[in-house]
Structure formats: structure tokens, C-alpha cells
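Next come the chains, spelled out residue by residue.
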Amino acid sequence: MPATHIRRWKTLALSTSAVLVGLTLPTMAATPASATTTAYDSTYYKNAVGKTGTSLKSSLHTIISSQSKISYSAVWNALMVTDQDPNNSNNVILLYSGVSRAKSLNGGDVGDWNREHVWAKSHGDFGEVTGPGTDLHHLRPADVQVNSIRGNLDFDNGGSAVTNGGGSKVDSDSFEPRDADKGDVARMILYMAVRYDGGDGFADLEPDEKVNNGSNPYIGKLSVLKEWNDEDPPSAFEEKRNQVIYDTYQHNRNPFIDHPEWVDAIW
Ligand SMILES: [Ca+2]
Ligand SMILES: [Ca+2]
Ligand SMILES: [Ca+2]
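Remember, predicted model here, so these are calculated numbers, not experimental data.

**Describing the sheet that holds strand β8 (residues 169-170)**
- Strands sit in the order β6-β9-β8-β7 across an open sheet of 4 strands; the sheet is mixed. The sheet is open, and its two edges are formed by β6 (154-155) and β7 (160-161), each paired on a single side.
- Sheet topology note: the β7/β8 ladder contains 2 bridges and is antiparallel. Bridge assignment links Ser 160 to a residue of β8, and that residue is Val 170.

Laid out in C-alpha cells, this is it:
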């Protein structure tokens, strides 16, 4: 947009901001990751702001490793809060499919939703004991069957449509979430890589450029996750769940939701 348009638009916004709020938000949400500022820069992120590369990653690891932890059984009720449908407080929004489903349908049967580990728990074999296996920053409600199709696959573009998957795709060695969940998945994976560095009795989780990572503590493909981070910037839903996890449950934040440009600053 030419600068003259921006200036005129800002002048308009000053005089008729109430009218323009609804018009400006979609434009801002579609903007690719660029330098951002947050209310937490001078406090929570004080020691990370201005850094790049391994220095930034190391600072963020220290910052986000100060957290409370919850049990795997407590994850059920937590997800009913973090992932509540903004338009129906009886429901949660399911990852990958985008379906809104009753909170009461949590379980393991067809038609239920369950607890999806976006960083597949077999990649580093951390299981469901309190730790990475119960970290809400990468746990989401998902349809039982869609979750089963994702399994422990790495992430990449391509494949055929997942049944009732909302546009997500799958092939023999990778899973592609629907567009609206691509950035969420990327930022969850990269949060896990920064949070878990092998110093707490769990594996050092890291992204790599492969699929078929199996039980190794890696998830690919990094180059694709970086693209997804740009293509699907943090939404109001994603930002709200980050805030709820911070305020109510773990008291740590996903830095890549607050600062999506830090993905490229590190990787
Ligand atoms: Ca593939
Ligand atoms: Ca999204
Ligand atoms: Ca790591």
C-alpha cells in the first residue's frame, strides 16, 4: 500500500475509529511475520529482546523454562478452557479439522475429541508423565480419528485429503494441517524445541529437515514450518490461548506467538 494511502487511512481511523475497527483487523491479521512489540518486552522478554540466533534461543529457553506443570489428567479440563469455541462456551475447536465439538465428548471413541500431542510424544519418547507430554503449549483437542491419522508423522506439504480433516492432508510419511492451523503447528513445534534442551531428564527436542524421524527427538521439516509461520500469523484465538496458559496454568508463554519474527531470528 503506498505511503499516502497509509497516512490518509490513519487520519480516517482517528476520526471514525469505531467504524473502522471491523475493517482494519482482517488486514492486520493477514500481514506476514515482521518485527512486533508486545506488552511483555520490557518485563517477561527483557533478557531476550535485541538478541538473535543461539543467543536468543538460549535466553528464551531460560525465560520459558520457569513454569508450573500440570498432570496429564488435568489436561482435559485445561483444554476445555484454552480451546473453548469463542462462539459457543459448551464447545472446543478441534485442531486440524476446525470442527466445533461439545466439551462433554472428550474420550477415545469415534466422534469424541482427545488430547493431540502436536510434538508427537514418540519423537523423543517423553510419554504422558508430567513434562513435555503435558505441556499445554503443544496440546490441542483433536478428533479421535483425525488424531489417529496424524499419528506420529512429521509435517510437510502434500498428500491426499484427510477424511473429515477440514482440508488437512496426509501421505505415507507426512501430515499437512489445514491452512488455518499451519502457523499454529509451526509455532508449537518451535516452542517445544526451545523449551526442551535435554537438561531436565527429557530429550533435547529439535526441528530438522527430514520426514521419517521415527523415535528420534526431531520433527521436520523446518523449512516448511518456517513457511507456515509466515503464511498463517497468530490469530486472536491463538493469542488468547497463549494468554490463558500464561495466566492460569503454566505461567510461561510461547515466544513465537508473541514474536513470530523470532522464528527467522533463530532458524
Ligand atoms: Ca510426504
Ligand atoms: Ca492459525
Ligand atoms: Ca531443544
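Read on for the rest.
**Digging into the sheet that holds strand β1 (residues 84-85)**
- Spatially, β1-β2-β3 is the arrangement adopted by the 3 strands of the open sheet, whose pairing is antiparallel. On the outer flanks of this sheet lie β1 and β3 (100-102), each paired with one strand and no other.
- Where β1 lies against strand β2 (residues 88-93), 2 bridges are found, and the strand directions are antiparallel. By the bridge assignment for β2, Asp 85 is matched with Asn 88.

**What about the pattern of salt bridges?**
- Within this structure, the stated rule accounts for 15 salt bridges.
- Across the pair Arg 140 and Asp 83 runs a salt bridge whose closest N-O atoms are separated by 3.6 Å. With a gap of 57 residues between them, Arg 140 in strand β5 (residues 139-143) and Asp 83 in the loop between α4 (72-82) and β1 connect regions that are remote in the sequence.
- By relative accessible area, Arg 140 is classed as buried at 4%.
- Within the structure, one salt-bridge network assembled from shared partners comprises Asp 83, Arg 140, Asp 184 and Arg 241.

**Description of helix α7 (residues 222-231)**
- Residues of α7 that are buried: Leu 222, Val 224, Leu 225, Trp 228 and Asn 229. Seen along its axis, α7 keeps its buried residues to an arc of 155 degrees; they face one direction.

**What about the packing of aromatic side chains?**
- Per the stated rule, a full pass over the model turns up 9 aromatic pairs.
- When the centroid spacing of 5.0 Å and the interplanar angle of 80 degrees are considered together, the rings of Tyr 44 and Tyr 45 count as edge-to-face. Considered together, Tyr 44 and Tyr 45 belong to a single accessibility category, that of buried residues.
- Ring centres of Trp 76 and Trp 113 lie 5.4 Å apart, and the angle between their planes is 70 degrees; this geometry places the pair in the edge-to-face category. With Trp 76 in helix α4 and Trp 113 in strand β4 (residues 113-117), this pair connects stretches of sequence that are 37 residues apart.
- Given the relative accessible area of 19%, Trp 76 is considered buried.
- Under the relative-accessibility criterion, Trp 113 is labelled buried at 0%.

Criteria and cut-off values
Residues numbered from 1 in each chain as written. Chains lettered and ligands numbered in written order. Predicted model: local features only at pLDDT ≥ 70, side-chain atom pairs only at ≥ 80, totals over all residues. Heavy atoms only, no water. Pairing = 2+ DSSP bridges. Helix = DSSP H or I, 4+ residues; strand = E, 2+ residues; numbered from the N terminus. Salt bridge = Lys/Arg side-chain N within 4 Å of Asp/Glu carboxyl O. Buried < 20%, exposed > 50% of the residue type's maximum accessible area, 1.4 Å probe, protein only. Arc of directions from axis to C-beta. Phe/Tyr/Trp six-rings, centres within 6.5 Å; stacked < 30°, edge-to-face > 60°.

Remember that the coordinates give geometry; whether it matters functionally is a separate question.
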